[in-house]
Every structure is written in C-alpha cells, then in structure tokens.
Amino acid sequence: MNKKYTEKKTFSLLFKLWINFSNKRKRQLILLMILNIIGSFSESFSIAMTLPLITALIEPNKVLAIEWLRNLFLIIGLNTDDKIITPIVIIFISFSIISTTLRLAILWINNYFAALIGNDISCLAYKKTLNQPYEKHINFNSSQVISAATTYVDFTVRSIYNFLNLLSYSLFIIFIIITLLFINWRITIFSLLLFGSAYLIISFKSKLKLVNNGKIIAYMTKERVKSIQEGLGSIRDMILLNMQNTFEIKYANFDLIYRKKLAFNKFLRFAPRYIIENIGFIFIAVLAYISSFKTGSNQNELSIIGTFALAAQKFLPSMQQCYNSISALRSNKGSIIEILKILDLKY
C-alpha cells in the first residue's frame, strides 16, 4: 500500500483526495476558481492602467496615442489631453481598491475552504477507522491512527490550502504576463525567461530534499506519538525501574529530528524569495541604465520601466507564492500518503 502511493506524483495524490470530496465541495471549488479569474483580471487591469497614469503625469499629450485607452475615452466623450488625467487617476484607484478587496476575499475563502475540506477528511478518516471489523482493530497501530486523525490531517489541510494558493497565484501570473506582453513583449519574455528559469532551477534542486524530509517528518510524527504512548502506558514500571531518563531521551531524539526537518524545509521554501527579489532590483536598474542611452524616447521608456517596476512588486511575490506552495506540497507528501491509506479502508 505504501509503495502504491510513494511512487505517485504529489498532484496525483491530490487528485486522489479530490475523489473523496463531496459534490458540494467540488461545486464550491469551481466557484472559487471563477472568483480567482475575476480577481486576476482586476489585478492585471490595475497594472495596465499604470502605463497611462505615468504617461499622463509625464507627457499628457501622448496618452491618447494608446489605442485602447483612446477608444475608451471616446466612448465617454473625452478627447482632449487636459481632461484625461482625472479619469485615469479615478480608474486606477478604483481598480486598485477592487483588486485588493478581491485578493483579501480570495485569501479568506481559500483558508476557510481548506478548513472545511480538512474537517470533511478528518471526519471521514475517523469514521472509516471506527467502522473497521474488530479483527482489524486488534492489528491497528494506535499511534498511526492518532497521528492520522490529528497531525497528518493538519498537514493535509495545509497542502490543500497551498494547492488553492498555487491555483490562485498561477492565474494571477498568467493575467499579468498577458498584460505585460501588450505593453512590451520583449521585456516581458526576457523577464519570464529570467525569473522562470531561476525558480525552475531552484525547484528542481530542492525537490528531492523536500520530499525525503517530508517522509521523515511523517514517520517521526508517528514515532513521537508512539513514544508518548509507550511512556504513559508503562508508567508504573518506569517509576519502579527509574527509567524516566530513557524514555525522555528516546522522545527527545524523535522530536529533534522532526523539528530539524521542518525547519530545513521551511528554509528551502522561503530562501529563494530574497535571491529573486535581488535579481528583480538588478533587472530594473539595468533597464533604467540601458534606457538612459536612448535618445528621443526617454519619457516613454520611463513610463514602461515604471509600469514594469510596479508589476514586479506583484509578479515576483506571486512567483514566490507558487514556488512556496509547490515546496509545501512536496514537503507534506508523506502526510497525504498516510491520510490516503486511511481513506482507502473499506467497511
């Protein structure tokens, strides 16, 4: 049974969890995806409005050269340069507020939905355990059952939340890329290759370590519970033989390995953020430096650089969130496997 799941990819395991979802939860997930698409569009539009906003402040006479914006203003009856700054500022602020509100709503719903799924899985695992035949209960490892009903479920809930985050931020990144391609496709493609390849390399290098540490974390979770049960279950003999120190050392060893692996996995998840942010600052500085040598188009170049700088503030954290979510899923793979083993029980 263990080999059946250990050879599967993390996303295959999540699909196995999906099969155990109720129809109600599946419908809610589809609605959540629709909300994510609306939120991503809103965010991308606020970025798209950055270019005309900066252009309006630097060279108002060039704003109407942006075709889609000119068509929009013609519809509402604005066709002169002196009347466009106020509408642009209002539109920019409005969409910034809307996108922020939607992102907060999505953040809350992701957490709440993961909690509901966690409750469903926890109750289903407990129900399947209780409804096993007496012969199976005799052979059950109680420490594994306790770990599955508590810690493993918690890690699985985190995995579901991270998967929802991965979907949300992936959609966000796609919409941002599409928006930036319309603004300047050369810089967008180069940025995508630069930051995308950096995260892919880091992800590839850390993948095996995260998965292996996740298996150790799942095993040590069970051993910690088992160690506590053994100590409390033989408390009379322990006191008579003065063996408290032996049980303390045994538990301490399991607990230390467990926490070290958790800490190292957390480091692997968050360390790339600082490296990529630094690359992002260098990239913007290089763009500004190159544009300084161009003649006759400095104002336009400045508007584009300003737009990309603002987009980077949203794009890079989103890429980090995607990487962080994938790393967390790999780290929690062992716990997901343990939960699936319980959910596979027949009664």
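Conventions used here
Residues numbered from 1 in each chain as written. Predicted model: local features only at pLDDT ≥ 70, side-chain atom pairs only at ≥ 80, totals over all residues. Heavy atoms only, no water. Axes fitted to C-alpha atoms, helices over the stretch in contact; angles between N-to-C directions. Helix = DSSP H or I, 4+ residues; strand = E, 2+ residues; numbered from the N terminus. Parallel < 35°, antiparallel > 145°, perpendicular 65-115°, else oblique. Nonpolar A, V, L, I, M, F, W, Y, C, P; charged D, E, K, R; others polar. Patch = residues over 30% accessible without salt bridge, like charges linked within 9 Å, V, L, I, M, F, W, Y side chains within 5 Å. Areas by Shrake-Rupley, 256 points an atom, 1.4 Å probe, with all protein chains shown as cover. Salt bridge = Lys/Arg side-chain N within 4 Å of Asp/Glu carboxyl O. Buried < 20%, exposed > 50% of the residue type's maximum accessible area, 1.4 Å probe, protein only. Phe/Tyr/Trp six-rings, centres within 6.5 Å; stacked < 30°, edge-to-face > 60°. Lys NZ or Arg CZ within 6 Å of the ring centre and 35° of its normal. Core = buried A, V, L, I, M, F, W, Y, C linked by side-chain atoms within 4.5 Å. Contact = heavy atoms within 4.5 Å.

K.L.:
Run through the packing of helix H9 (residues 185-233) against helix H11 (residues 244-291), naming residues and quoting values.
P.N.:
For the pair H9 and H11, the least separation of the axes is 8 Å and the interaxial angle reads 170°. Taken together, the axes of H9 and H11 lie roughly antiparallel to each other. Looking at side-chain class alone, the contact of H9 with H11 contains 25 nonpolar, nine polar and nine charged residues.

K.L.:
Describe a nonpolar patch on the surface, with residues and values.
P.N.:
A cluster of nonpolar side chains, namely Ile282, Val286, Tyr289, Ile290 and Phe293, defines an oily patch on the protein surface of about 530 Å² accessible area. Relative to the assigned elements, Phe293 resides in the loop between H11 and helix H12 (298-331). Accessibility expressed as a relative area gives 58% for Phe293, which makes it exposed.

K.L.:
Outline the packing of aromatic side chains, listing residues and values.
P.N.:
This structure, assessed with the given rule, holds nine aromatic pairs. Among the aromatic residues, those joined into a cluster by ring pairs are Phe41, Phe45 and Phe95. Lying across the ring of Tyr169, Arg103 places its NZ or CZ 5.0 Å from the centre. Positioned above the aromatic ring of Tyr258 is the side chain of Arg224, whose terminal nitrogen or guanidinium carbon lies 4.1 Å from the ring centre.

K.L.:
Give me the lowdown on the pattern of salt bridges, citing residues and values where you can.
P.N.:
This model, assessed by the stated rule, comprises six salt bridges. For Glu277, the salt bridge goes to Arg273, with nearest N and O atoms at 3.2 Å. Of this pair, Glu277 and Arg273 are both found in helix H11, four residues apart, which corresponds to roughly one turn of the helix. By relative accessible area, Glu277 is classed as partly exposed at 30%.

K.L.:
So what's going on with the nonpolar core? Residues and values would help.
P.N.:
Among the nonpolar cores identified, the biggest contains 54 residues, and Leu17, Ile121 and Phe315 are the most heavily contacted of them. When contributions to this core are tallied by element, the ones reaching two or more residues are helix H2 (10-19), helix H3 (23-48), helix H6 (85-130), helix H8 (142-183), H9, H11, H12 and helix H13 (333-343). Of the residues forming this core, the biggest block, 14 residues, is contributed by H8. Beyond its immediate sequence surroundings of up to four residues, Ile121 is in contact with Leu17, Phe21, Thr156, Ile160, Ile339 and Leu343. Counting seven residues, the second largest nonpolar core, distinct from the first, contains Phe45, Leu53, Ala56 and Ile91.

Honestly, it's all geometry; don't read function into it.
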